[in-house]
Amino acid sequence: MATDMQKLLGTSEEDDDEEMDMDVKEEDDGDRRNRDTRAASGSSNDEFMFQQSMQDQVGTPGGGGSRRSRPLEEKERTKLRERHRRAITARILGGLRRHGNYNLRVRADINDVIAALAREAGWVVLPDGTTFPAKSQGTKPTGGSSAVAAGSSASHIASQQTSTPALRVVSSGRRSPVELSACRMKGVFTPASSPYDKFPTQSPELVGSVNKAEGLVGCSVDVINSKQILDIPPNLTEQDFSGTPYVPVYVMLPLGVINMKCELADRDGLVKHLRILKSIHVDGVKVDCWWGIVEAHSPQEYNWTGYRQLFQMVRDLNLKIQVLMSFHECGGNVGDDVCIPLPHWVAEIGRTNPDIYFTDREGRRNPECLSWGIDKERILRGRTALEVYFDYMRSFRIELAEFLEDGVISMVEIGLGPCGELRYPSCPIKHGWRYPGVGEFQCYDKYLSKSLRKAAESRGHLFWARGPDNTGSYNSQPQGTGFFCDGGDYDGLYGRFFLKWYSQVLIDHADQILSLAKLVFDSSCIAAKLPDVHWWYRTASHAAELTAGFYNPSNRDGYAAIASTLKKHGATLSFVSGEVQVLNRPDDFSGALGEPEAVAWQVLNAAWDSDTPVARENSLPCHDRVGYNKMLESVKFRNDPDRRHLSSFAYSRLVPALMEEHNIVEFERFVKKLHGN
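Computed from a predicted model, the values in this text were never measured in an experiment.

Quick notes on the rules
Residues numbered from 1 in each chain as written. Predicted model: local features only at pLDDT ≥ 70, side-chain atom pairs only at ≥ 80, totals over all residues. Heavy atoms only, no water. Helix = DSSP H or I, 4+ residues; strand = E, 2+ residues; numbered from the N terminus. Buried < 20%, exposed > 50% of the residue type's maximum accessible area, 1.4 Å probe, protein only. Areas by Shrake-Rupley, 256 points an atom, 1.4 Å probe, with all protein chains shown as cover. 1 Å grid on protein atoms, 1.4 Å probe; cavity = no way out; pocket = protein on both sides within 12 Å on 5 of 7 lines; lining within 4 Å. Points joined across faces, edges and corners; volume = space filled by probe spheres on them. Nonpolar A, V, L, I, M, F, W, Y, C, P; charged D, E, K, R; others polar. Axes fitted to C-alpha atoms, helices over the stretch in contact; angles between N-to-C directions. Parallel < 35°, antiparallel > 145°, perpendicular 65-115°, else oblique. Contact = heavy atoms within 4.5 Å. Phe/Tyr/Trp six-rings, centres within 6.5 Å; stacked < 30°, edge-to-face > 60°. Pairing = 2+ DSSP bridges. pLDDT = per-residue confidence, 0-100. Salt bridge = Lys/Arg side-chain N within 4 Å of Asp/Glu carboxyl O. Right-handed = clockwise from strand over helix to strand, strands pointing away. Core = buried A, V, L, I, M, F, W, Y, C linked by side-chain atoms within 4.5 Å. Left-handed = near helix turned anticlockwise from the far one by under 90°. UniProt positions renumbered as here; feature names shortened; annotations may be inferred.

(A) Representation of the overall build of the protein in the model. The number of helices and strands found in the protein is 20 helices and 14 strands. In the protein, which comprises 677 residues, the proportion classed as buried is 55%. Surface accessibility of the protein: about 29400 Å² in total, with carbon and sulfur atoms responsible for 51%.

Structure representation (structure tokens):
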């Protein structure tokens, strides 16, 4: 049993003994320091201690001898209890380091553990131990950052050093720039952390500066709890978009609009908000159709009740709907305020066969979505993954046909990976990734490993049937690895072979599912979502894009083949971009050598060159005019001689803050400009 427990915790006896010895050594060192401190405290203290000792001896029969000569058995019991306590502490610390992604030092003590847990729970813990809730703005010590985040990690960070502040906000929570940027690919509801925390990837002056916020890289957040007080800068330049092409505007509904019983969570509140959106001429809404809700309990037993009610409500208000076939889980990324796992019967299969999930080099599984290696493996209760996706889409088509036929459903977006995006889950926060780490390749489940081995055999190089071993870890930087550095192995013979295979698996997955989707939805518009992976774009390797599955180094176009695949099936490219939220280009934003605008233009040009329609979706909520103007610049192409424009724009997301009077006024103005008024 002890051996099984050690395996479960991921520890060995040697590790436990080593950590326990470190703890003992640390305590011994502390004892020596305490003795030195007492020795230096002055003769008066020594004299007091001597007198106290004499009084104890006088007051104790035998002159205090019994105090020094405790029974040997009692001393041994005390030693055993202390050793047992330290062993438990060592195992707790080891488990947190290995499995909890807590950045604990080797000689961490219980104070470090309590501080880490408190920070995760949303408390601020200062180096001197002072602890207070993150909401307690008034208790913030002097000398700290003046930044106040608008909303629960979503809005832009204001700075005292900004000459003309564009925004003042009253906030209910705090987020560090690193946390904001760590979640760029959609977003988990993570508790707010302290702006006083130290992060290895950020300089002190980054905290609280709107011009230096790494958090503007594209993180989707779905709940805003704070109020924004709008200040329009006097020198704000307004552009006239009258006469520009009409771009339909959709508002994404809350992630939990349908509960786990497939019922409307708040019918009356939703109707009220939809009527407000209709009054400002929003074209429609966008909603996730969660696989984990509809087919939750048994294979091919579907429940569309809540979605039917929602679609009927939208139709009654004469609005349109964009639907996302969500074959991923919700709750593992920053911004997810609900937890919607994969279907229970899929999780049961995963417990006996964890290779159905994407796996990194260390063998860590990611249950956010199914591995593409099982697309054609008949292991899901007699069906392949492709058959499961096809049956789900066909059930939607049959049960909700009336809404497709009368045009209420204007577009069906097909989920192709984590967060519904076409990419590998290369940057999972649950495994410790933080912006701007390069991430890790996710091809180590047995099914993708078999595919790699087959590809290597076809090339006649069986020794290539492996993933690269010099890519660093999730939080490495390109120049710190042998694979991604300038002149690294990524551009060698093996590197080119591996990256081509890795990206081709992504393209093949999209090709196969979109072909099935087109078969199901026929004449209806379908779409695929593509993320904005922009950090390390200004390096030669484009490391973050490589691990995400986009073979797009500086000497190769990795998006043209994807755009061609979408064109082949008549699908729209839905691009989730973070650069629409960059209000002022931060000076330290270049620390990650990111280029969100360049990535956006490369993706757009790849789509336009293949004549593929493009839709866009913002990633960070915004309620101020400065932010909306920045979005307009990225959505309306005023200087394009071909007058190309987006097929639609999806605003993320419908939250109570958007419904506040001053915010809805600004949003109405934004909608009018997208409509070309």
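(B) Quick look at the layout of surface pockets. In this structure, the second largest pocket spans a volume of roughly 600 Å³. Taken together, 20 residues form the lining of the second largest pocket, with Ser 451, Lys 454, Trp 501, Val 505 and Asp 508 sitting closest to its centre. In terms of residue count, the dominant contributor to the lining of the second largest pocket is helix α15 (residues 493-521) (eight residues). A breakdown of the residues in the lining of the second largest pocket according to their chemical character gives seven nonpolar, five polar and eight charged.

(C) Region of interest: the packing of α15 against helix α17 (residues 560-568). Contact pair α15 / α17: the axes reach a minimum separation of 10 Å and the direction vectors enclose 10 degrees. Compared by their axis directions, α15 and α17 come out roughly parallel. Contacts between α15 and α17 involve Leu 506, Ile 507, Asp 511 and Leu 514 from the first element and Ala 561, Ile 562, Thr 565, Leu 566 and Lys 568 from the second. Residue classes in the contact of α15 with α17 are distributed as six nonpolar, one polar and two charged.

(D) Region of interest: the packing of aromatic side chains. Inspection of every chain in the model, using the stated rule, returns 41 aromatic pairs. Ring centres of Phe 311 and Phe 403 lie 5.6 Å apart, and the angle between their planes is 80 degrees; this geometry places the pair in the edge-to-face category. Residue Phe 311 is located in helix α10 (residues 305-316), and its partner Phe 403 is located in helix α13 (residues 401-405); the two are separated by 92 residues in the primary sequence. Overall, Phe 311 belongs to the buried group, its relative accessible area being 0%. For the pair Phe 463 and Trp 464, a centre-to-centre distance of 5.9 Å together with 70 degrees between the ring planes defines the contact as edge-to-face. On the basis of relative accessible area, Phe 463 is assigned to the exposed category, the value being 56%. Accessibility expressed as a relative area gives 8% for Trp 464, which makes it buried.

(E) Local environment of unusual backbone geometry. Each neighbour pair has its own omega, and for Tyr 435 with Pro 436 the value is 5 degrees, a cis peptide bond. Inspection of the secondary structure assignment puts Pro 436 in the loop between β10 (409-414) and α14 (446-459). Here Ser 652 and Arg 653 are connected by a cis peptide whose omega angle stands at 10 degrees. Among the secondary structure elements, Arg 653 is positioned in the loop between β14 (648-651) and α20 (661-674). The residue Cys 262 is not glycine, and still its phi comes out positive at about 60 degrees. Along the polypeptide, Cys 262 turns up in the loop between β5 (249-252) and α8 (267-279). With a relative accessible area of 1%, Cys 262 lands in the buried category. A positive phi angle, close to 50 degrees, is found at Arg 643, a residue other than glycine.

(F) Spatial organisation of the sheet that holds strand β11 (residues 526-531). Spatially, the eight strands close up into a barrel ordered β5-β6-β7-β10-β11-β12-β13-β14, and their pairing is parallel. Direction aside, neighbouring strands of the sheet carry axes that sit 30 degrees apart on average. Where strand β13 (residues 614-618) lies against β14, three bridges are found, and the strand directions are parallel. The residue bridging Glu 617 from the neighbouring strand is Ala 650, located in β14. Packed onto the sheet, helix α19 (residues 625-635) meets β13 and β14 and runs at close to 150 degrees relative to β14. Sitting on the sheet, α20 touches β5 and β14, and the angle it makes with β5 is about 140 degrees.

(G) Representation of the environment of Pro 254 within the structure. Locating Pro 254 in the fold gives a position in the loop between β5 and α8. Separated by 34 residues in the primary sequence, Pro 254 and Asp 288 place their C-alpha atoms 8.9 Å from one another. Setting aside residues no more than four positions away along its own chain, Pro 254 makes contact with Arg 653 and Leu 654.

(H) Here's a closer look at the confidence of the model for the protein. For the protein, per-residue confidence averages 78 on the pLDDT scale, and residues scoring 70 or more make up 70% of the total. Here residues 1-28 is modelled with pLDDT under 50, and outside its nearest four sequence neighbours on either side it reaches 38 contacts, counting other chains as well. Confidence drops under pLDDT 50 across residues 37-68; counting only partners more than four residues distant or on other chains, this segment forms nine contacts.

(I) Up close: the pattern of salt bridges. Scanning the model with the defined rule gives 29 salt bridges in all. A salt bridge links Glu 348 to Arg 381; the nearest nitrogen and oxygen atoms lie 3.1 Å apart. One end of the pair, Glu 348, is in helix α11 (residues 344-352); the other, Arg 381, is in the loop between β9 (365-370) and α12 (385-399), with 33 residues separating them in the sequence. In this structure Glu 348 comes out as partly exposed when scored by relative accessible area, which is 41%. With a relative accessible area of 47%, Arg 381 lands in the partly exposed category. Among the charged side chains, a network of salt bridges with common partners joins Arg 308, Arg 315, Glu 399, Glu 402 and Asp 406.

(J) Region of interest: the pairing of β13. The buried fraction of β13 amounts to five of the five residues, a majority that puts the element mostly inside the structure. Side chains of β13 alternate between two faces, with Val 614, Arg 616 and Asn 618 and Ala 615 and Glu 617 buried alike. Sheet analysis places strand β12 (residues 571-577) next to β13, joined by five bridges and oriented parallel. Within β13, the position partnered with Phe 575 by the bridge is Arg 616. Taking the sense of rotation as the criterion, the β-α-β connection linking β13, α19 and β14 turns out right-handed.

(K) Spotlight on the nonpolar core. In this structure, Tyr 307, Phe 311, Met 325, Phe 396, Phe 521 and Phe 667 are the most contacted members of the largest nonpolar core, which totals 147 residues. Considering each element in turn, this core owes the most residues, 15 residues, to α15. Filtering out sequence-adjacent residues up to four positions away, Phe 521 remains in contact with Met 325, Met 393, Phe 396, Arg 397, Leu 404, Val 412, Ile 414 and Ile 526.

(L) Geometry of the packing of α14 against α15. At their nearest, the axes of α14 and α15 sit 11 Å apart, and the two run at 130 degrees to each other. Between α14 and α15, the crossing angle belongs to the class labelled oblique. The handedness of the crossing between α14 and α15 is right-handed. Residues Leu 448, Ser 451, Leu 452, Ala 455, Ala 456 and Arg 459 of α14 form the contact with α15, whose participating residues are Phe 497, Phe 498, Trp 501 and Val 505. Here the contact of α14 with α15 is built from residues that sort into eight nonpolar, one polar and one charged.

(M) Structural detail: the UniProt feature "active site" (unreviewed entry) in the protein. UniProt tags Glu 421 and Glu 617 as "active site" (unreviewed entry). Over a stretch of 197 residues, the named residues converge on one spot in the fold, their C-alpha atoms separated by at most 12.0 Å. Inspection of the secondary structure assignment puts Glu 421 in the loop between β10 and α14. Under the relative-accessibility criterion, Glu 421 is labelled buried at 2%. Mapped onto the elements, Glu 617 comes out in strand β13. Judged by relative accessible area, which is 6%, Glu 617 ranks as buried. Not counting the four nearest positions on each side in its chain, Glu 617 is found in contact with Met 252, Lys 286, Lys 529, Ser 574, Phe 575, Val 576, Ser 577 and Ala 650.

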